[in-house]
Amino acid sequence: MLEQAKAIGMKVRTVFADRGFGNELADQVRSSEGVPAKVIQRIGRPAPEEATRNWRRRYRWRAGAEERISHLKPRFGLNRTRLKGYSGARIWMGYWILASNLGRMAVLAR
């Protein structure tokens, strides 16, 4: 995924992933690609960086994003983009975010 992100011109500064990627191999790949930070829980004993305030803040952000995505997937068709390519996926996500935010604003305006 890091190679694909760099191939389309993205600058990756932080990697967010599930616990299954919290091993030495994933750390080697991340460091070889030059990504400075990661938010991945370690398999087994926690890494010392998991106790830092900055790491916990980023982990909570990731957990919130995962919750919102899992809630909206079946409602807004996020599981498959109908547009082709990377630019199509960006447009699809933009419309998804717009629809989600409009729905939240409508609930708050009541």
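Source: prediction; values computed, not measured. (Residues numbered from 1 in each chain as written. Predicted model: local features only at pLDDT ≥ 70, side-chain atom pairs only at ≥ 80, totals over all residues. Heavy atoms only, no water.)

Draft legend 1. Expanded view of helix H2 (residues 24-32). Sitting at the head of H2, Asn-23 places a side-chain oxygen 3.4 Å from the backbone nitrogen of Leu-25. Looking one or two residues past H2, Gly-34 carries a phi angle of roughly 80 degrees, positive in sign. (Polar contact = N/O pair within 3.5 Å; in protein donor to acceptor, adjacent residues only side chain to side chain. Helix = DSSP H or I, 4+ residues; strand = E, 2+ residues; numbered from the N terminus.)

Draft legend 2. How the structure looks around the environment of Ala-106. Tracing the chain through its elements places Ala-106 in helix H4 (residues 85-109). Judged by its relative accessible area of 45%, Ala-106 falls in the partly exposed class. Taking the C-alpha atoms as reference, Ala-106 lies 40 Å from Glu-49; in sequence the two are 57 residues apart. (Buried < 20%, exposed > 50% of the residue type's maximum accessible area, 1.4 Å probe, protein only.)

Draft legend 3. Main features of the pattern of salt bridges. In this structure the tally under the stated criterion is 6 salt bridges. Put simply, Arg-42 and Glu-24 hold a salt bridge, and the shortest N to O gap is 2.9 Å. Taken together, the residues Arg-42 in the loop between strand S2 (37-39) and helix H3 (53-76) and Glu-24 in helix H2 connect sequence positions 18 residues apart. A relative accessible area of 11% means that Arg-42 is categorised as buried. (Salt bridge = Lys/Arg side-chain N within 4 Å of Asp/Glu carboxyl O.)

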